[in-house]
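# Coordinates in review
Now for the letters of each chain:
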Amino acid sequence: MEHEQSYLFVSPNGNGKHGNSLGSAYEHPLPEKEEDLDLRWLLSVLRRRIPVIFGVTIAVTSAVGWWTFHQEPRYEAKFQLLVEPVATPNQLNQLSEVPGIGNSSFQNSSLDYETQIEVLRSPEVLEPFIKQLALKYPEVTYDSLIAENKLTIRRLNGTKILEVYYQDTDPQKIQFLLFELAKIYLRYSFQERQRDLSQGIKFVENQLPELQQRVDKLAEQLQNFRQQYALLEPEAQAKQLSERVQTLQQQQLDTRVQLNNTLTLYSKLQEQLGLQPNQAITATYLSEAPRYQQLLNQLQKVEISLALESARFLDGSPAIEALQEQRQNLLPLLRQEAQKVLGGNLSESVINSDSLTSPSDLRLELTQQFVDATNRIRVLEVQQSALAQAASLLNQQVGKMPFIARKYDDLQRELKVATDSLNRFLAARETLQIDAAQKTLPWKLLSKPKVPEVPIFPNPVKNLILGTAAGLFLGLGAALLTEKLDNVFRSPEELKQSTRLPLLGVIPFDKALKQSQPKTELETIEFTNGKLSSNKATTPANGRKYQWYFASPFLEAFRSLHTNIRFLGSDTPINSLVVTSPGPSDGKSTVAMHLAEAAAAMEQRVLLVDADLRRPQVHRLLGLPNTQGLSNVIATGLKLKDAIQRVPSSNNLYVLTAGQPSPDPTRLLYSKRMQLLMEQLQSVFDLVIYDTPPSLGFADSKILAPYTNGVVLVVRLNKTDRHLLRQTTDELKSSRVTLLGVIANSFKNQNYSSYNYNYYRSYYDQESEVQKAKRLLQKRL
């Protein structure tokens, strides 16, 4: 109880609570699979696998070269055949051409070259050739020509030329065989031509009677059609009908206008006169009768007198009665005279009409115009009816013209086609007969076969080039396959890409630095009495002195590592971390020790805790005793001040060794006393580094990590298995432990671009820098 009360209850993040001070900002997702190859990784693989690439390339090239120079040389020769005329088309093909549809010069070749080549390779054509060669070359058979691909026939680049190739080991045999084969093919072409011409002539003669009969039949149909419709030229007749239709339409329009004008005049005259047409006609007749007009004038005078006397006398006066009696006497006379003039057309309405009783000259003129308008209307109506009938008949004729014209064109076109076909067949028969009488060869031999001088197989230069290229590709494939089968990391970038975690540092590998701890030194070079000397221990009293600062890349790598870790906690300082590795011998204890030294050199109070209670290494690396340590503090209650040791070479570096071995280290690290101890240490020191056993297979690092700022994984290049690393990161991820990053340990490539250790080597190489300084001083003096 006394020892437990001495612990301080302070959380790792300084806020009194257990947890991770960095939060999720440094929790990087682990990839399910590696990314595709990038250029930098590929270049690094090629540099590492150069022996494999060159070995495979040399082996493949050597094998190809050996095979090439042990092959029997083969030769090849050829001849060319022009199998179609260059400009003149085949006469048989002209039979199927229709003028006006297409130009034969633009049509494709009429010869089916694929079929023709197979015919030339067929046994029917080659058997006579093989029989001719049997006496001189009995080994030549149909199978040796075709099955072994010695005889090859192909079309030359879409032209009308066939090229015939033959391969063999005997150049003289090749020339002889090709020469004989050319004669066979020319003879075959002549026979085929004669056969085609005979068949063509027979075909033409069979078709001519039918074509002649068709032409005669179509000519008779065209003649009957013209007689039926009285046609000379349908186009001219259609033009005439069109002109007649236009003229008739104009007449109908004029008649309609005149009728409308006459009707308008008729309405106005009827309104002015107040007469009907028959009344107007009657008035006209009576106005031309003298006797009637005389009686009408007397009647008018009596009526005037009667009107005057009526103003003077009463109705019963003698004067009035005398005038009325006179009027009554004149009326029968007037009716009798009208009866004489009008005959049976007389009516009471006409006699009693006012227009007839007082016909003035103007009224008589208007009446005459009214009668004329009436007659004009009747005439125009009759004319309009006649024009309508004529238009109807004409429209019927116009409606039939498209059918007549189409039928005429069809008959004329069929007759023209039939006539052209007949003429073409007649011309083709004449041409075929002329061609059949000729003895010229249809195919032409363009190039004669020659004796080949250069073998086509093998081709040493081509084979060696292809073998080298194939060797390079196979070498690259072997290199990539070897790289894929390699389960260890070869470069820091590969490690970073695989884990997707921050690469905190790259620790170089150096045997000299591995054997002894690197130092930082200040060397003084003095110039006294014209001589140069170097002294690292003392400084001369006189003379000029030149000083250089020398530091190892190993030490600078840990300083850079410490700086990177500090930058991770820019908001919340990192004051504790766990250093572990996937497996043993990855150098985690060495990294933890040098990291603590680098942090102490930066004026931080650093405590290095050896939490590996199974196989402690820190005390051996620092040369410290391990009689009592962490296990004693937890198990026996030993005070911290009695267990913590100070490193003699550093004022700020303290070490808490593992202590005596424990039968159950996991129980000790998981105890409440250990948690309280960690809280107390983090409150006292600026940085506490816990060196734990390998994470894979042991729970020690996962137990301590939640009470620190995170875990740093040490991966040894060229050793740590990538599958173990993946399994380790997966377990840490499932435990919700913060992974601060990874450290690439034992890096041997001094040309790594991201960590230019050539710079350190050239900058801190003591011997070379001293010699260079001496040379410069000698030149100046």
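This section reports on the structure supplied with the text. Remember, predicted model here, so these are calculated numbers, not experimental data.

### With respect to the nonpolar core
The biggest cluster of nonpolar side chains holds 44 residues, and the ones touching the most others in it are Leu607, Leu630, Met674, Leu681 and Tyr690. The contact partners of Tyr690, leaving out residues within four places of it in the chain, are Ser576, Leu577, Val578, Val579, Val609, Met674, Met678, Leu681, Gln682, Leu704 and Thr708.

### Section: helix α16 (residues 460-485)
Relative to the 38 Å expected for 26 residues at 1.5 Å per residue, α16 spans 36 Å between its end C-alpha atoms, a close match to the ideal helical length. If you check which residues of α16 are buried, you get Asn463, Gly467, Gly471, Gly475, Ala479 and Glu483. Those residues of α16 that are buried lie in contact with α2 (39-48), α3 (50-69) and α17 (492-499).

### Some remarks on helix α6 (residues 123-133)
Residue pairs three or four apart in sequence face the same way in an α-helix, which turns once every 3.6 residues. All of the buried residues in α6 are Val125, Leu126, Phe129, Ile130 and Leu133. The buried side chains of α6 occupy one side of the element, clustering within an arc of 120° when seen end-on. More than 90 degrees from the buried face of α6, the exposed residues found are Glu124 and Lys131.

### Points about the sheet that holds strand β14 (residues 711-716)
Taken together, 8 strands build an open sheet; the order of strands is β5-β15-β14-β9-β13-β10-β12-β11 and the sheet is mixed. The sheet is open, and its two borders are formed by β5 (503-508) and β11 (645-646), each paired with just one other strand. Looking at chain direction, strand β10 (residues 606-610) and strand β12 (residues 653-656) are connected through 4 bridges and run parallel. By the bridge assignment, Leu607 is partnered in β12 with Tyr654. Packing against the sheet, helix α19 (residues 553-568) makes contact with β5, β9 (576-580), β13 (687-691) and β15 (739-747), and its axis sits at approximately 170° to β5. Together, β9, β10, β12, β13, β14 and β15 form the strand contacts of helix α20 (residues 588-601), whose direction differs from that of β13 by roughly 170°.

### Description of the packing of aromatic side chains
Applying the stated criterion across every chain, the model contains 6 aromatic pairs. Taking the centre distance of 5.9 Å and the plane angle of 70° together, the rings of Tyr188 and Trp443 count as edge-to-face. In this pair, Tyr188 is assigned in helix α8 (residues 171-229) and Trp443 in the loop between α15 (361-437) and β4 (444-447), connecting sequence segments 255 residues apart. Of the two residues, Tyr188 and Trp443, neither departs from the other in class, the shared state being buried. Centroid distance Phe554 to Phe558: 5.2 Å. Interplanar angle 65°. Geometry classified as edge-to-face. Here Phe554 and its partner Phe558 are both found in helix α19, 4 residues apart, which amounts to about one turn of the helix. The burial state of Phe554 is the same as that of Phe558; both residues are buried. The lysine or arginine in question, Arg74, covers the ring of Phe457, its NZ or CZ lying 4.7 Å from the ring centre.

### Description of the sheet that holds strand β2 (residues 151-155)
The strand order across the open sheet formed by 4 strands is β2-β3-β1-β4, and the pairing between neighbours is antiparallel. At either margin of the open sheet sits one strand with a lone partner, and together these are β2 and β4. With strand direction ignored, the average angle separating the axes of adjacent strands in the sheet is 30°. The sheet strands contacting helix α5 (residues 113-120) are β2 and β3 (161-168), and the helix crosses β2 at an angle near 160°.

How each quantity is defined
Residues numbered from 1 in each chain as written. Predicted model: local features only at pLDDT ≥ 70, side-chain atom pairs only at ≥ 80, totals over all residues. Heavy atoms only, no water. Core = buried A, V, L, I, M, F, W, Y, C linked by side-chain atoms within 4.5 Å. Buried < 20%, exposed > 50% of the residue type's maximum accessible area, 1.4 Å probe, protein only. Contact = heavy atoms within 4.5 Å. Helix = DSSP H or I, 4+ residues; strand = E, 2+ residues; numbered from the N terminus. Expected span 1.5 Å × (residues − 1). Arc of directions from axis to C-beta. Pairing = 2+ DSSP bridges. Axes fitted to C-alpha atoms, helices over the stretch in contact; angles between N-to-C directions. Phe/Tyr/Trp six-rings, centres within 6.5 Å; stacked < 30°, edge-to-face > 60°. Lys NZ or Arg CZ within 6 Å of the ring centre and 35° of its normal.

Distances and angles like these do not, on their own, reveal function.
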